[in-house]
Amino acid sequence: MTAGMKVSAPGRRHVRHHLARRELAIPTGGTSIAVGDALQRGVDTRAWQWGNSMKAEADATANAAVADLYLDANNQLNTMVDTWAATRTDVDTTGDASNGEAGTLTNDIPDGHDRGERTASKYLTDTTN
């Protein structure tokens, strides 16, 4: 730095932090080995691994909860369509539930949702700043 040049307080702290890490050294018979930066990198690596491990655990828990929620919603959909169809005289409920009109509705509802979601996603853009 040149004389008269001002450095902000955060800048001074940053410089002191790096100089202090370099000053941490192991003496070895007339010379020394600077270990401050290497130790900090080790700490940073371990913190990164720990964070990834915590995220993996949270993801596993969340994925199981999402799967349970989806299964529950799917079962509710089947019950809702079957109950609705049983009260209607214009809906064929005879035969295998997967082949009758109720079964068609049970399949068409999620298909319509997926189709709508795909269509809507085409109109959405990622506007990260």
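The present account deals with the structure reproduced in this document. (Residues numbered from 1 in each chain as written. Predicted model: local features only at pLDDT ≥ 70, side-chain atom pairs only at ≥ 80, totals over all residues. Heavy atoms only, no water.)

### Quick notes on the overall build of the protein
Under the convention used in this document: Note on conventions: DSSP H or I runs of at least 4 residues are helices, E runs of at least 2 residues are strands, and numbering of each starts at the N terminus. Each residue gets one of three labels from its accessible area relative to the maximum for its type: buried under 20%, exposed over 50%, partly exposed in between, using a 1.4 Å probe on protein chains only. Two residues qualify as a contact provided that any one of their heavy atoms is within 4.5 Å of a heavy atom in the partner residue. For accessible areas, the Shrake-Rupley method is used with a probe of radius 1.4 Å. Any residue's cover is judged against the shown protein chains and nothing else.
Along its length, the protein carries three helices and two strands. Scanning the protein from its N terminus toward the C terminus, one meets helices and strands in the order α-β-β-α-α. Within the span of the protein, comprising 129 residues, buried residues form 9% of the whole. The contacts in the protein between residues at least 6 apart in sequence include a share of 17% that link residues at least 24 apart. Here the protein has roughly 10800 Å² of accessible surface; of this, 58% comes from carbon and sulfur atoms.

### Comments concerning the pattern of salt bridges
The cut-off we apply is this: A side-chain nitrogen of Lys or Arg and a carboxyl oxygen of Asp or Glu constitute a salt bridge if their distance falls within 4 Å.
Following the criterion strictly, the structure yields one salt bridge and no others. Put simply, Lys55 and Asp59 hold a salt bridge, and the shortest N to O gap is 2.6 Å. Of the two residues, Lys55 and Asp59 both sit in helix α2 (residues 36-86), four residues apart, roughly one turn of that helix. Residue classification places Asp59 among the partly exposed residues on the basis of a relative accessible area of 33%.

### A closer look at the packing of α2 against helix α3 (residues 101-123)
Applied cut-off: A fitted line through C-alpha atoms represents every axis, and for helices the fit uses only the stretch in contact; the resulting angles, taken between N-to-C directions, go from 0 to 180 degrees. Convention used here: angles under 35 degrees read as roughly parallel, angles over 145 as roughly antiparallel, angles from 65 to 115 as roughly perpendicular, and any remaining angle as oblique. Helix crossings fall into two classes, left-handed where the near helix is turned counterclockwise from the far one by less than a right angle and right-handed where it is turned clockwise. Nonpolar residues are Ala, Val, Leu, Ile, Met, Phe, Trp, Tyr, Cys and Pro. Charged residues are Asp, Glu, Lys and Arg, and all others, Gly as well, are polar.
As a packed pair, α2 and α3 sit with axes 9 Å apart at the nearest point and diverge in direction by 140°. Relative to α3, α2 is oriented oblique. Between α2 and α3 lies a crossing of right-handed hand. Of α3, the residues touching α2 (which contributes Leu77, Asn78, Val81, Asp82, Trp84 and Ala85) are Ala102, Leu105, Thr106, Ile109 and Pro110. Considered class by class, the residues forming the contact of α2 with α3 number eight nonpolar, two polar and one charged.

### Points about a negative patch on the surface
Going by this rule: Two distance rules govern patches: like charges are joined within 9 Å, and nonpolar side chains (Val, Leu, Ile, Met, Phe, Trp, Tyr) within 5 Å, applied only to residues with over 30% relative accessible area and no salt bridge. Charge counting follows a simple rule: Lys and Arg are positive, Asp and Glu are negative, and His as well as the terminal groups are ignored. The atoms used to mark charge sites are NZ of Lys, CZ of Arg, CG of Asp and CD of Glu.
There is a patch of like negative charges on the surface, built from Asp108, Asp111, Asp114 and Glu117. Its location among the elements puts Asp114 in helix α3.

### What to know about a nonpolar patch on the surface
A surface patch of nonpolar side chains, about 350 Å² in accessible area, is lined by Met80, Trp84, Leu105 and Ile109. Elements with a minimum of two residues in the nonpolar patch: α2 and α3. Of note, Met80 is situated in helix α2.

### Quick look at the layout of surface pockets
Here is the rule we go by: Cavities and pockets are found on a 1 Å grid laid over the protein atoms alone: a cavity is a set of points where a 1.4 Å probe fits but cannot escape, a pocket is an open set with protein on both sides within 12 Å along at least five of seven lines, and a lining residue has an atom within 4 Å of such a point. Grid points are joined across faces, edges and corners, and a volume is the space filled by probe spheres set on the points.
By volume, the largest pocket is sized at about 220 Å³. In terms of lining, the largest pocket is formed by Val66, Leu69, Tyr70, Ala73, Asn74, Leu77, Ile109, Pro110, His113 and Asp114. Those elements giving two or more residues to the lining of the largest pocket turn out to be α2 and α3. In terms of residue count, α2 provides more of the lining of the largest pocket than any other element does, six residues in total.

Remember that the coordinates give geometry; whether it matters functionally is a separate question.
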